Amino acid sequence: MTSNRRQFLRVSGLVATGALAGCSGQDQGGQSGTTATRSTATETAPTTGTETETETTEGEEGDGEQTAYTWMDATWDSYWYSLYNMSANISMSANGVLFPHNEKQQAAFENRFPKMLQAANRKRPPIENANLNMAAFTDADPRFTQQPAFGFGSGEKRPNASTLAWTEYSGVISPSSLAWTHLKGVTWAKNFQNHADILPSTLAPLFRAEVLATLAQLGITASLIAGGPESNGALTKGDSLELVSEFNPKRGEVVDETTRPNHHSAMLWFLSDMTSLTTGGWFGYEQPQPLIPPEKIRMLTDGMAETTMNAFSPSAIVEMGSTRDLGQMLGAIGWYGTHAGSSKLRSQAAEYANALASEVEANLAGSGRIEKGAKNQAATQAVVGQGLLWASQIDGVDHRSMAEGVLGYMA
């Protein structure tokens, strides 16, 4: 008899996990918090609502039947876990600086969210009392503070986010925690729109897309444009786009002013995806209206790219961290290079990508193994292989054969 675990995952996901990405707001009095949620690949819903299950008979060690774990099983599991992790961090956990967090933002919230519901043809958000995260904290304890109310058996059937807050937060934001969280959100904003016609209406996919795009723009404003004690962007140094490593919003002060390549590559990757969102006619960004004009997003993205490429030579990236960080930078530059604002910047991105790949090659041992990697060798191989493939999307860059060897080493 086959297990119904995955069937339960899908059904509960539609009722609860899916609903967790929906949002409505409440004034949290300036509470801040987030865990960095990383997403470097486009996530798409499975194209079918059914699974392919293959029953296999156990060998000499057993006499019963066992269901094989197939590619489609993994697809469904990764889809729902990704959705849950994204929505938990962005709209439930309270692990970050929340929107709205002052009177001015409360007024903006009360003006914008009814228009968002109207544009998405919704009467109400699919979650009550959401904790809308503008800037995620670097660390948190994901245990709930009380018994969570997911809405099962109630007339509302909506999760109540006021019962879903996490226990402890670092209270500190970094460029990586903010950028990875909203990169995940932007990816899902696209996903919700792309699959709005096949997702259940109760998930309110277009409204979710609006919420995620809105929070991403608020995060950019706070971190790069007007946040912080000097109102120049809480994570920037002076008038430049050079980034600090950690900022405490409650105290209004920089905790770590060191400029690190991983924070820049994370922010560049996120901004590049925002450029994609602003130029692709995406519903979530255009409805009810953009908070940041497309040209300003473009300017910030190009500026972050130039700052990053000028600040970190490939060898310096390895010296400050490991060869794994070369892969992350390759991925960021690869995505940026396909969205650069001018031919000059595209050429500069291609040149930088090739230099990064040369540094990877200089640290290759036999069979595609990468030296000077992170503690987890598999992570080093995977991230570098992915980065080489992303960068190979830029004209004038082709390191697919190197990526094949790097990824092949894991096999």
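For clarity, every value in this text was computed on a predicted model and none was experimentally measured.

Cut-offs and rules
- Residues numbered from 1 in each chain as written.
- Predicted model: local features only at pLDDT ≥ 70, side-chain atom pairs only at ≥ 80, totals over all residues.
- Heavy atoms only, no water.
- Helix = DSSP H or I, 4+ residues; strand = E, 2+ residues; numbered from the N terminus.
- Buried < 20%, exposed > 50% of the residue type's maximum accessible area, 1.4 Å probe, protein only.
- Contact = heavy atoms within 4.5 Å.
- Phe/Tyr/Trp six-rings, centres within 6.5 Å; stacked < 30°, edge-to-face > 60°.
- Lys NZ or Arg CZ within 6 Å of the ring centre and 35° of its normal.
- Core = buried A, V, L, I, M, F, W, Y, C linked by side-chain atoms within 4.5 Å.
- Axes fitted to C-alpha atoms, helices over the stretch in contact; angles between N-to-C directions.
- Parallel < 35°, antiparallel > 145°, perpendicular 65-115°, else oblique.
- Left-handed = near helix turned anticlockwise from the far one by under 90°.
- Nonpolar A, V, L, I, M, F, W, Y, C, P; charged D, E, K, R; others polar.
- Salt bridge = Lys/Arg side-chain N within 4 Å of Asp/Glu carboxyl O.
- pLDDT = per-residue confidence, 0-100.
- Expected span 1.5 Å × (residues − 1).
- Polar contact = N/O pair within 3.5 Å; in protein donor to acceptor, adjacent residues only side chain to side chain.

Draft legend 1. Layout of the overall build of the protein. Along the protein, the regular secondary structure elements total 13 helices and eight strands. Sorting the 411 residues of the protein into buried and exposed places 54% on the buried side. Taking as baseline every contact in the protein between residues at least 6 positions apart, the subset at least 24 positions apart corresponds to 75%.

Draft legend 2. Molecular detail of the packing of aromatic side chains. Scanning the entire structure with this criterion turns up 13 aromatic pairs. For the ring pair Trp76 and Trp80, a centre distance of 6.3 Å and an interplane angle of 15 degrees mean the geometry is stacked. Pair noted here: Trp76 and Trp80 are both in helix α2 (residues 71-91), with a separation of four residues, about one helical turn. There is no split in this pair, since Trp76 and Trp80 are both buried. Above the face of the Phe192 ring, Arg208 is positioned so that its terminal group lies 5.7 Å from the ring centre.

Draft legend 3. Structural view of the nonpolar core. Ile220, Met267, Phe270 and Ile333 are the most contacted members of the largest nonpolar core, which totals 64 residues. With near-sequence residues (within four places) excluded, Phe270 lies in contact with Leu178, Ala179, His182, Leu183, Val186, Ala216 and Ile220. Counting 35 residues, the second-largest nonpolar core is a separate cluster that includes Ala88, Phe109, Phe113 and Trp188.

Draft legend 4. Structural context of the packing of helix α12 (residues 377-391) against helix α13 (residues 400-408). Viewed as axis vectors pointing N to C, α12 and α13 meet at an angle of 165 degrees, and their least axial separation amounts to 8 Å. The orientation of α12 with respect to α13, classified from their angle, is roughly antiparallel. Relative to α13, α12 is oriented so that their crossing is left-handed. Between α12 and α13, the residues in contact are Gln381, Ala382, Val384, Gly385, Gln386, Leu388 and Leu389 and Arg400, Met402, Ala403, Val406 and Leu407, respectively. Of the residues in the contact of α12 with α13, the class split is eight nonpolar, three polar and one charged.

Draft legend 5. Geometry of the pattern of salt bridges. For the structure shown, the criterion picks out eight salt bridges. Across the pair Glu128 and Arg158 runs a salt bridge whose closest N-O atoms are separated by 3.8 Å. A residue pair is termed long-range when its members are at least 10 positions apart, and Glu128 in the loop between α3 (103-119) and β4 (132-136) and Arg158 in the loop between β5 (140-144) and β6 (166-169) qualify at 30 residues. A residue is classified by how much of its surface remains accessible, and Glu128, at 23% relative accessible area, is partly exposed. For Arg158, a relative accessible area of 13% corresponds to the buried category. The residue Glu253 makes a salt bridge to Arg251 at a minimum N-O spacing of 2.9 Å. The exposure class of Glu253 is partly exposed, given its relative accessible area of 37%.

Draft legend 6. Structural view of the confidence of the model for the protein. This prediction gives the protein a mean pLDDT of 85; 83% of its residues lie at or above 70. Taken together, the stretch residues 1-62 has pLDDT below 50 and engages in 204 contacts with residues farther than four places along the chain or on a different chain.

Draft legend 7. Highlighting the environment of Trp335. Mapped onto the fold, Trp335 is located in helix α10 (residues 324-337). Sequence-wise, Trp335 and Asp273 are 62 residues apart; in three dimensions their C-alpha atoms are separated by 7.7 Å. If we ignore the near neighbours within four places in the chain, the residues touching Trp335 are Lys190, Trp269, Ser272, Asp273, Ser276 and Trp390.

Draft legend 8. Representation of α2 in the model. A rise of 1.5 Å per residue sets the reference length of α2, with its 21 residues, at 30 Å; its end C-alpha atoms lie 30 Å apart and thus fit the reference within 8%. Of all 21 residues in α2, 15 are buried, a share of seventy percent or more.

Draft legend 9. How the structure looks around the packing of α10 against α12. One way to put it is that α10 packs onto α12 with a least axis distance of 7 Å and a crossing angle of 25 degrees. Our classification of the angle between α10 and α12 gives roughly parallel. Of the two elements, α10 crosses α12, and the hand of that crossing is left-handed. Contacts from Arg324, Gly327, Gln328, Leu330, Gly331, Gly334 and Trp335 in α10 reach Ala379, Thr380, Val383, Val384, Gly387, Leu388, Trp390 and Ala391 in α12. Across the contact of α10 with α12, the residue classes tally to eight nonpolar, six polar and one charged.

Draft legend 10. Expanded view of the side chain of Ser176. Positionally, Ser176 belongs in helix α4 (residues 175-194). In this structure the side chain of Ser176 is engaged in a polar contact, spanning 2.7 Å, whose partner is the side chain of His263.

Draft legend 11. Summary view of unusual backbone geometry. A cis amide bond links Phe99 with the next residue in sequence, Pro100, at an omega value of -5 degrees. Residue position: Pro100 is located in the loop between β3 (96-99) and α3. A positive phi angle is found at Asn121, which is not glycine, with a value near 60 degrees. The topology assignment puts Asn121 in the loop between α3 and β4.

Draft legend 12. Examining the side chain of Ser265 more closely. The topology assignment puts Ser265 in helix α6 (residues 261-279). Overall, the relative accessible area of 1% leaves Ser265 in the buried class. Those residues within four positions of Ser265 in sequence are excluded, and the remaining contacts are Gln328, Met329 and Ala332.

Draft legend 13. Structural detail: helix α8 (residues 294-311). Taking 1.5 Å of rise per residue, the 18 residues of α8 would be expected to cover 26 Å, and the 26 Å separating its terminal C-alpha atoms lies within 8% of that figure. All of the buried residues along α8 are Ile297, Leu300, Thr301, Asp302, Gly303, Met304, Ala305, Thr308 and Met309. On its buried face, α8 is in contact with α5 (205-225), α6, α10 and α11 (343-362).

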